[in-house]
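# Remarks on the overall topology
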Amino acid sequence: MSDLRKIAGVMAPREGHKIVTKEYLSENVVRIRVEAALIAKERQPGQFVVVQTDVDYGERVPLTIADADIEAGTITLIFQVVGKSTEELSHFEVGDYIPVITGPLGHPTHLENFGHVVAVGGGVGLAPLYPIVQGLKKHGNRVTVIAGARSKELLIMEDEMRAQADEYICMTDDGSYGTKGLVTTPLKEMCEQDPKPDLVIAIGPPIMMKFCALTTKPYGVKTLASINTIMIDGTGMCGCCRITVDGKIKFVCVDGPEFDAHLVDFDNMLKRLNAFKEQEVEAREHTCRFRAVVKEMTEAQA
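Residues numbered from 1 in each chain as written. Predicted model: local features only at pLDDT ≥ 70, side-chain atom pairs only at ≥ 80, totals over all residues. Heavy atoms only, no water.

Take the overall build of the chain next. Secondary structure assignment for the chain yields 10 helices and 16 strands. A burial count over the chain gives 48% of its 302 residues as buried. Sequence separation of at least 24 residues holds for 66% of the intrachain contacts in the chain that already meet a minimum separation of 6. (Helix = DSSP H or I, 4+ residues; strand = E, 2+ residues; numbered from the N terminus. Buried < 20%, exposed > 50% of the residue type's maximum accessible area, 1.4 Å probe, protein only. Contact = heavy atoms within 4.5 Å.)

As structure tokens, then:
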């Protein structure tokens, strides 16, 4: 457990899922490999787990399984530090135990030989895209990966994706790596080709998935989006993860996480994702105040 948690008197759990490796893929993106033998054995591409850093009070956070090693009995989780719970999880170190990991949850990605599949990943969305790309290749598909990031420093899993993909295209907002621009630019160019892609799978920020869907729809290219909404229980009971698909209410945790991107009401989903921004800011500010107190304690002890 990190010094921050030790000083605060927060003891690491002695039971649960042991962290065996940890690394930062970028400034705020962490990759951990944890012991979870049963989940590793059963998981399939596209599925996720729900993680809690504290049994009694921890928020339930959905994280996609980025990889699994059945022989080692481990799964790989990649997450971005964006809120209080992911901030807490980032302070867990190798040898610490995550008390609760529930899964695998959600419907697996349907895999077959579609032909040419374009897999579009934005930011940390490249992590859940990776096992899907692996599965697509095992079924004999030709896979083009379009990876997007704001800058070179925020691009993750390039080597892993290049090793799997038949073609790898990198787009950065600032042009610091690959080609400057949005992922929809090469996606549109491929849709205009003959033959056009047989399938597009998009995972990333909701606004990116929305515009991927708007790009492919005029060309009639089937497009799937993997949705990551606000989620609590992960069993379809709380209803927090609901979205509108083709005018009908769906629950991401049990009906998804993948949906026909042309039928998803992204505008409504974006509004719901912003519903608790005020509480998130308050929680992060509380964490910041906590860290300031810990810093003062540390300096006083020095």
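By size, the foremost hydrophobic cluster in this structure holds 33 residues, and its most contacted members are Val120, Ile146, Leu187, Ile227 and Phe266. The leading source of residues in this core is helix 7 (residues 206–216), at 4 residues. Residues contacting Ile146, with those up to four places away along its chain left out, are Val118, Ala119, Val120, Gly121, Ile169, Met171, Val183, Pro186, Leu187 and Met190. Judged by nonpolar contacts, the second largest core, of 28 residues, contains Leu129, Val143, Cys170 and Leu199. (Core = buried A, V, L, I, M, F, W, Y, C linked by side-chain atoms within 4.5 Å.)

Moving on: the pairing of strand 14 (residues 242–245). Where strand 14 and strand 15 (residues 248–251) come together, 4 bridges link them in antiparallel fashion. Paired with Ile243 across the bridge in strand 15 is Lys250. (Pairing = 2+ DSSP bridges.)

Now for the sheet that holds strand 1 (residues 17–26). Read across the open sheet, the 7 strands follow the order 6-1-2-5-4-3-7; overall the sheet is antiparallel. Among the strands making up the open sheet, the edge pair consists of strand 6 (97–98) and strand 7 (100–105). Relative to the sheet, helix 4 (residues 126–138) contacts strand 4 (61–69) and strand 5 (74–80), its axis offset from that of strand 4 by approximately 40°. (Axes fitted to C-alpha atoms, helices over the stretch in contact; angles between N-to-C directions.)

This brings us to helix 7. Three or more residues of helix 7 are buried, namely Met208, Met209, Lys210, Cys212, Ala213, Thr215 and Thr216. Against strand 8 (116–122), helix 6 (184–191), strand 12 (199–203), strand 13 (223–226) and helix 9 (266–273) lie the buried residues of helix 7.

For the structure shown, the criterion picks out 6 salt bridges. Linking Glu160 and Arg31 is a salt bridge whose minimum nitrogen-to-oxygen distance equals 3.0 Å. Of the two residues, Glu160 is situated in helix 5 (residues 158–164) and Arg31 in strand 2 (residues 29–35); the sequence distance between them amounts to 129 residues. In this structure Glu160 comes out as partly exposed when scored by relative accessible area, which is 23%. Residue Arg162 pairs with Glu158 through a salt bridge whose shortest N-O separation is 2.8 Å. (Salt bridge = Lys/Arg side-chain N within 4 Å of Asp/Glu carboxyl O.)

Of note, the amide linkage connecting Gly103 to Pro104 takes the cis form, showing an omega dihedral of 0°. Residue placement: Pro104 occurs in strand 7. A cis amide bond links Asp194 with the next residue in sequence, Pro195, at an omega value of 5°. Along the chain, Pro195 turns up in the loop between helix 6 and strand 12. Its identity is not glycine, yet Met157 carries a phi of approximately 60°, on the positive side. On the secondary structure map, Met157 appears in the loop between strand 9 (142–149) and helix 5.

Turning to the side chain of Ser226, a few remarks are in order. Residue position: Ser226 is located in strand 13. When its relative accessible area of 13% is taken as the criterion, Ser226 is described as buried. Dropping the residues within four chain positions of it, Ser226 is found in contact with Ala202, Ile203, Met209, Pro257 and Glu258.

This brings us to a nonpolar patch on the surface. Taken together, Ile207, Phe211 and Leu214 make up a surface patch of nonpolar side chains, about 280 Å² in accessible area. Within the fold, Ile207 resides in helix 7. (Patch = residues over 30% accessible without salt bridge, like charges linked within 9 Å, V, L, I, M, F, W, Y side chains within 5 Å. Areas by Shrake-Rupley, 256 points an atom, 1.4 Å probe, with all protein chains shown as cover.)

Let's shift gears to the environment of Ala165. Position of Ala165 among the secondary structure elements: in the loop between helix 5 and strand 10 (167–172). What makes Ala165 buried here is its relative accessible area of 15%. Separated by 29 residues in the primary sequence, Ala165 and Leu136 place their C-alpha atoms 9.6 Å from one another. In this structure, Ala165 is in contact with Val143 and Val145, ignoring residues within four places of it in sequence.

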